[in-house]
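Inside the fold
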Amino acid sequence: MDYESIIARMISRRLLYLIQQRLRQFPAVGLLGPRQVGKTTLARMIQQSTNDGPKPEYLDLENPVDLAKLEDPGAYLRSRGRRLLILDEIQRSPGLFQVLRGIIDERIQQGDAPGQFLLLGSASIDLLKQSSESLAGRIAYEELPPLDITEATNHDDLWVRGGFPASLLADSDEQSSTWRENFISTYLERDIPQLGPRVPAETLRHFWTMLAHRQASIHNGAELARSLGVAGKTIARYLDLLVDLLLIRRLPPHHANIGKRLVKSPKIYLRDSGLVHTLLRIEDESSLLGHPIVGASWEGFVIENLIRLSPPRTRASFMRTSAGAEIDLLLELPNNQTWGIEVKRSSSPQISKGFHIAKADLNLDHAFVVYPGKERIPKPGGIEAMGLTEMSEMLMDLHR
């Protein structure tokens, strides 16, 4: 299977356009995402689509031949003229950021600033810290997550296998599961140690698996610390690491002055549903539908897609009170509307009393229930039930 050509067709054109737009605005653009998510493919698409001026040049900093070209990075990068330089795996050479700053500042003084460098890398605390300190005001960051429902045709496969292209496009469930297992092992044994943190691979795998079992749950660091036999600060460090690597989403609680006691801890989601299933040894849809995690897995899948497809500057959170009022996802949109979304796995979703109470407490502009069906169904209290595809299309319409 020619993964490169298939992935290129599947990667959303909106992100391609967005990166091109950012390159017209900023001297440098950082494209972040987990390994194997398609960053290099997207960069190659940008390289091939450039028709004006010198062809962009691509350097892979994991390739010894390309890395050798940067023995004197300042001299080499200046010698390439005004062409766009794509530097892949930039986290391998953090010392480059100071060099890039000097070159960018020289060109700003010459009146030639935008679109000089496209930097690809896996997110990490050190990468973000060093680049933000060195390139403050000169770089824009965009995230490339796994494929979403606007980029994949088979949504059931997307849910079961997750959105990493090689997993989603595998010839069988067994091959998909094997790819994900190797992905997890590689991250634990190779990638995370290279990024700096010294965490035993088995300990971090156990922690990751514990989070999979608790998918869509309120974070309880003390409980996790007891289960893993470590200090609470250690749990916080492990969680920060997986969040920084864009593998975990920490959904914050909503803060509102409604005179009720609100839950203040975040909810935790593994961002890719396929990784949830692999960590829990779920290999196919049949096994998933009979597993206790099915509802939480579906909730995480829906919420991750809706957050990704929301317009820029949307604030996402959840709400839960000690009395049981709850909204799975609150989207505070740039148009000053607030949408409340409940996620149900049932084909005939029933609205909980807690959702009605929370809707009234927050005076929502719109309230929805997302369920696995396709029919749009009006519910009491001005609530509408609809499928994930239609809900996603509504959010995409807000981009226009």
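Note that the structure is a prediction, hence the values are computed from the model and not measured.

One can find Gly163 in the loop between helix H8 (155-161) and helix H9 (165-168). Its relative accessible area of 3% is what places Gly163 among the buried residues. Through-space distance from the C-alpha of Gly163 to that of Ile149 is 8.9 Å; in sequence the pair is 14 residues apart. Every residue in contact with Gly163, bar those within four places of it in the chain, is listed here: Pro146, Leu147, Leu158 and Asp272.

Next up on the list: the packing of aromatic side chains. Counted according to the given criterion, the structure contains 8 aromatic pairs. Between Phe164 and Trp179 the ring centres are 5.8 Å apart and the planes differ by 40°, which places this aromatic pair in the tilted class. Placement of Phe164 in the loop between H8 and H9 and of Trp179 in helix H10 (residues 173-194) is noted, with a sequence separation of 15 residues between them. The same class applies to Phe164 and to Trp179, which are both buried.

All right, on to the sheet that holds strand E14 (residues 383-387) then. Across the sheet, which stays open at both edges, the 6 strands sit in the order E9-E10-E11-E12-E14-E13 with mixed pairing between neighbours. Single-partner strands in this sheet number two, and they are strand E9 (315-320) and strand E13 (377-379). Across the sheet, the mean angle from the axis of one strand to that of its neighbour is 30°, orientation sign disregarded. In terms of strand pairing, strand E10 (residues 326-332) meets strand E11 (residues 338-343) through 4 bridges, oriented antiparallel. When the sheet's bridge partners are listed, Glu332 is paired in E11 with Thr338.

The subject of this paragraph is the pairing of E14. For E14, the buried fraction is high: 4 of the 5 residues fall into the buried class. Pairing of E13 with E14 involves 3 bridges; the strand directions are antiparallel. When the sheet's bridge partners are listed, Ile377 is paired in E14 with Ala385. Hairpin connection of E13 to E14: 3 residues between the antiparallel strands, including Gly381 at a positive phi of 80°.

Moving on, we get to the packing of helix H11 (residues 201-213) against helix H12 (residues 221-228). For the pair H11 and H12, the least separation of the axes is 11 Å and the interaxial angle reads 135°. With respect to H12, the element H11 is oriented oblique. For the crossing formed where H11 meets H12, the hand is right-handed. Contacts from Thr203, His206, Phe207, Met210 and Leu211 in H11 reach Leu224, Ser227 and Leu228 in H12. In terms of residue class, the contact of H11 with H12 is built from 5 nonpolar, 3 polar and no charged.

On to the packing of H11 against helix H13 (residues 232-244). At a minimum axis distance of 11 Å, the contact between H11 and H13 shows a crossing angle of 80°. In terms of axis orientation, H11 runs roughly perpendicular to H13. Contacts between H11 and H13 pair Thr203, Leu204, Phe207, Trp208 and Leu211 from the former with Ile235, Tyr238, Leu239, Leu241 and Leu242 from the latter. Residues of the contact of H11 with H13, tallied by class, amount to 9 nonpolar, 1 polar and no charged.

Another point: the pairing of E10. Where burial is concerned, most of E10 is hidden: 5 out of the 7 residues are buried. Hairpin connection of E9 to E10: 5 residues between the antiparallel strands, including Gly324 at a positive phi of 110°. What sits between E10 and E11 in their antiparallel hairpin is a turn of 5 residues, with Asn336 showing a positive phi close to 70°.

Here the focus is the sheet that holds strand E7 (residues 248-251). With antiparallel pairing, the 3 strands of this open sheet are ordered in space as E6-E8-E7. Strand pairing shows two members of the sheet lacking a second neighbour, strand E6 (217-218) and E7, which therefore form its edges. Taken strand by strand, H13 contacts E7 and strand E8 (267-270), and its axis lies near 110° from that of E7.

Attention now moves to the nonpolar core. Of all hydrophobic cores here, the largest spans 87 residues; its most connected members are Leu118, Phe207 and Trp208. In terms of residues, this core owes the most to one element, helix H16 (residues 294-309), which gives 9 residues. Once residues lying within four places of it in the same chain are set aside, the contact partners of Phe207 are Leu224, Leu228, Ile235, Tyr238, Leu239 and Leu242. Counting 18 residues, the second-largest nonpolar core is a separate cluster that includes Leu70, Leu96, Leu119 and Ile139.

Scoring rules and cut-offs
Residues numbered from 1 in each chain as written. Predicted model: local features only at pLDDT ≥ 70, side-chain atom pairs only at ≥ 80, totals over all residues. Heavy atoms only, no water. Helix = DSSP H or I, 4+ residues; strand = E, 2+ residues; numbered from the N terminus. Buried < 20%, exposed > 50% of the residue type's maximum accessible area, 1.4 Å probe, protein only. Contact = heavy atoms within 4.5 Å. Phe/Tyr/Trp six-rings, centres within 6.5 Å; stacked < 30°, edge-to-face > 60°. Pairing = 2+ DSSP bridges. Axes fitted to C-alpha atoms, helices over the stretch in contact; angles between N-to-C directions. Parallel < 35°, antiparallel > 145°, perpendicular 65-115°, else oblique. Left-handed = near helix turned anticlockwise from the far one by under 90°. Nonpolar A, V, L, I, M, F, W, Y, C, P; charged D, E, K, R; others polar. Core = buried A, V, L, I, M, F, W, Y, C linked by side-chain atoms within 4.5 Å.

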